[in-house]
Amino acid sequence: RSFIKKAGLAGAATGAAALATPALSQGMKEMVIVSTWPRDFPGLGLPAQRLAARITELTDGKITTKYFAAGERVGAFDSFDEVASGNAQAYLGAEYYWRGKHAGFAPFTAIPFGLTYTEMDAWIKYGGGQALWDELSAEFGLKAFAAGNTGVQMGGWFNKEINSADDLKGLKMRIPGQGGDVMAKLGASPVSLPGGQIYENLVSGAIDATEWVGPYNDYFMKFYEAAKYYYFPGMHEPGAQLAMGMNKAWWDTLSSTEQAIIEAACNEENSRTMAETNANNGEYLTKLITENGVQLREFNDDIYDAFGEASAEVLEEARDHSPLAAKIMDATVAARQEIGTWMAKSDLAYMQKRNRV
Ligand code: PYR
């Protein structure tokens, strides 16, 4: 799309693919990465390309990545099968896109009223999350790592004000994951579209509303051309975890050094994406309001209460999928309680006090 060229972002981080041929001729390993993000997509696509290039760089080309953006090799949502089948070595995306394969994938991106970035990071790395993720991924011949986070997302773009839960009735909204199930309980019709297909559907009127990520990401999407009301805070993805999933049989062939480098690169990109997003969101929110006539609105407490009730039902239904799904949902809820109780007394309490001054 043309916004990429206008933003001067085309061609960034495309070095990985260029290295592939000479590296392979020296007997090095090729790592084909299929992505759910379109090429040069500001916010999510460029970090994915950066991670791919970083793996080649850190391994000094011993693992040479070949990055395919959404649609370049397979469609965004076909990335999982491409990697599980061994046709490609890795995908970059968000695990909740695969919840049709197993409900347990959703919490490894986000669930409504779930974990923030800080809580998610703590759960995955030190709260047992990674072990559960490994157990689930192994059922599909995969091994995944956290590889980016969006932080708290905005509630979405609407073409009318949302003053009560009734205003959601009948809305066709792009919203993936369990957040979509919550909207369905409140009478909306959720659809799950890859990022690269949202704009055309919103502008054509095929959908009335959408959420994507937050101001920095959403700015480049130009959703304001069709929907002026921009709501916060999103209940559906309070710290959406992005991921790199690898074919486990391929992963098992790597040396422990190669595995350590890939894990380190994912870890680096995890915090890098978050830092980049947090650094840009405020500025881009201002731009959206002042340059693009966006109307910022806050979801009121009544709507949030309705979201909360629907979310609890959705969570119970997701638990019913299987014993492993129940175990993962319960672990996420326990992390929200245990880690979240501390966050309430630290970051949240401090920021509330600080912002009074
Ligand atoms: C989305 O697909 O909405 C994400 O936030 C990744």
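In this text, all values refer to a predicted model and were calculated from it rather than measured experimentally.

Draft legend 1. Spatial organisation of the packing of aromatic side chains. Applying the stated rule across the entire model yields 29 aromatic pairs. Ring geometry for phenylalanine 108 against tryptophan 123: centres 5.4 Å apart, planes inclined by 10°, an arrangement best described as stacked. With phenylalanine 108 in the loop between strand S3 (90-93) and helix H5 (117-126) and tryptophan 123 in helix H5, this pair connects stretches of sequence that are 15 residues apart. Its relative accessible area of 0% is what places phenylalanine 108 among the buried residues. One aromatic cluster in this structure is built from Trp37, Phe41, Phe77, Phe80, Tyr91, Tyr96, Tyr97, Trp98, Phe105, Phe140 and Trp212. The lysine or arginine in question, arginine 73, covers the ring of phenylalanine 68, its NZ or CZ lying 5.3 Å from the ring centre.

Draft legend 2. Quick look at the side chain of threonine 109. The topology assignment puts threonine 109 in the loop between S3 and H5. If we ignore the near neighbours within four places in the chain, the residues touching threonine 109 are Ala94, Glu95, Tyr96, Met120, Glu237, Gly239, Ala240 and Gln241.

Draft legend 3. Looking closely at the nonpolar core. Judged by nonpolar contacts, the single largest core of 80 residues is most densely connected at Met31, Trp37, Trp123, Trp212, Met244, Met246 and Ile262. Setting aside anything within four residues of it in sequence, one finds isoleucine 262 in contact with Met31, Ile55, Ile63, Met244, Met246, Trp250, Trp251 and Leu254. Among the nonpolar cores identified, the runner-up in size contains 19 residues, and Phe158, Leu186, Ile303 and Ala306 belong to it.

Draft legend 4. Expanded view of the sheet that holds strand S2 (residues 63-68). Reading across from one edge, S2-S1-S3-S10-S4 is the order of the five strands in this open sheet, with mixed pairing throughout. The strands lining the two open edges of the sheet, one partner per strand, are S2 and strand S4 (142-149). For this sheet, the mean angle separating the axes of adjacent strands, direction not counted, is 25°. Looking at chain direction, S4 and strand S10 (residues 241-247) are connected through six bridges and run antiparallel. Looking at S10, one finds that asparagine 149 is bridged to glutamine 241. Contacting strand S1 (29-35), S2, S3, S4 and S10, helix H3 (residues 45-58) runs over the sheet at an angle of about 160° to S2. Lying over the sheet, helix H11 (residues 256-292) contacts S1, S2, S4 and S10, oriented at roughly 30° with respect to S4.

Parameters at a glance
- Residues numbered from 1 in each chain as written.
- Predicted model: local features only at pLDDT ≥ 70, side-chain atom pairs only at ≥ 80, totals over all residues.
- Heavy atoms only, no water.
- Phe/Tyr/Trp six-rings, centres within 6.5 Å; stacked < 30°, edge-to-face > 60°.
- Helix = DSSP H or I, 4+ residues; strand = E, 2+ residues; numbered from the N terminus.
- Buried < 20%, exposed > 50% of the residue type's maximum accessible area, 1.4 Å probe, protein only.
- Lys NZ or Arg CZ within 6 Å of the ring centre and 35° of its normal.
- Contact = heavy atoms within 4.5 Å.
- Core = buried A, V, L, I, M, F, W, Y, C linked by side-chain atoms within 4.5 Å.
- Pairing = 2+ DSSP bridges.
- Axes fitted to C-alpha atoms, helices over the stretch in contact; angles between N-to-C directions.

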